[in-house]
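Breakdown of the fold
Now for the letters of each chain:
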Amino acid sequence: MTGSDCHHMFGSVVELFFTRILGFAVSNGKSYEIKPCLPSDLDFVEGSILVDGKIVKGKYSREKNSVIFDIEVPKEFNAKLVYLGKEFPLKSGKNVIKV
């Protein structure tokens, strides 16, 4: 995303899509927690967000009784995926986790 995310027209979209569904949240500086909340009728979602000039990408898809998380994290970020109460550490670069 570029520009202002504070405008009332787009602020709600950012809150719902990026923060809640994709679960992107910077906790402090370069510590990053990805805590998605996927509605049961959503089988696929993909998005990216710019944080401190670096891109964080997420692509989530349902496959039968599991969810596949394809997450790309910048080199300088310490990140983890939190889903259904479980934590999964993420390394720099591409991470594919099946839960």
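Refer to the preceding data block for the structure.
What you see is a predicted model; the values in this text were computed from it and never measured.

Here we come to the pattern of salt bridges. Counted under the stated rule, the structure contains four salt bridges. A salt bridge links Asp 70 to Lys 94, with the nearest nitrogen and oxygen atoms 3.5 Å apart. Remark: Lys 94 occurs in strand E8 (residues 93-98) and Asp 70 occurs in strand E5 (residues 66-73); sequence separation between them is 24 residues. Three or more residues are tied together by salt bridges with common partners; here these are Glu 33, Lys 80 and Glu 87.

So, on to the packing of aromatic side chains. Evaluation of the coordinates by the stated rule reveals four aromatic pairs. Measuring from centroid to centroid gives 6.4 Å for Phe 24 and Tyr 32, while their planes differ by 50 degrees, and the two rings are tilted. This pair shows no difference in class: Phe 24 is buried, exactly as Tyr 32 is. Ring centres of Tyr 32 and Phe 77 lie 5.7 Å apart, and the angle between their planes is 65 degrees; on these two criteria the pair is classed as edge-to-face. Linking Tyr 32 in strand E2 (residues 31-34) with Phe 77 in the loop between E5 and strand E6 (78-83), this pair joins segments that are 45 residues apart in sequence. When its relative accessible area of 5% is taken as the criterion, Phe 77 is described as buried. What links up through ring pairs into an aromatic cluster is the set Phe 24, Tyr 32 and Phe 77.

Because side chains alternate across E2, one face comprises the buried residues Tyr 32 and Ile 34, and the other comprises Ser 31 and Glu 33, none of which is buried. Strand direction decides the pairing type here: E2 and E6, joined by four bridges, are parallel. Along E6, the bridge assignment pairs Glu 33 with Lys 80.

Regular strands place their side chains on alternate faces of the sheet. Residues of strand E3 (residues 44-51) alternate between two faces, with Val 45, Gly 47, Ile 49 and Val 51 buried on one and Phe 44, Glu 46, Ser 48 and Leu 50 left unburied on the opposite face. Bridge count between E3 and strand E4 (residues 54-63): eight bridges; the pairing is antiparallel. Bridging from a neighbouring strand, Phe 44 pairs with Ser 61 of E4. Between E3 and E4, which follow one another and run antiparallel, lie two residues, and Asp 52 among them has a positive phi close to 50 degrees.

A separate point is the sheet that holds E8. Taken together, the four strands give an open sheet; going across it, the order is E3-E4-E5-E8, and neighbouring strands pair in antiparallel fashion. The open sheet is flanked by E3 and E8, the only strands paired with a single partner. Looking at each pair of strands side by side, their axes are set apart by 10 degrees on average, direction ignored.

Scoring rules and cut-offs
- Residues numbered from 1 in each chain as written.
- Predicted model: local features only at pLDDT ≥ 70, side-chain atom pairs only at ≥ 80, totals over all residues.
- Heavy atoms only, no water.
- Salt bridge = Lys/Arg side-chain N within 4 Å of Asp/Glu carboxyl O.
- Helix = DSSP H or I, 4+ residues; strand = E, 2+ residues; numbered from the N terminus.
- Phe/Tyr/Trp six-rings, centres within 6.5 Å; stacked < 30°, edge-to-face > 60°.
- Buried < 20%, exposed > 50% of the residue type's maximum accessible area, 1.4 Å probe, protein only.
- Pairing = 2+ DSSP bridges.
- Axes fitted to C-alpha atoms, helices over the stretch in contact; angles between N-to-C directions.

These values are about where atoms sit, not about what they do.
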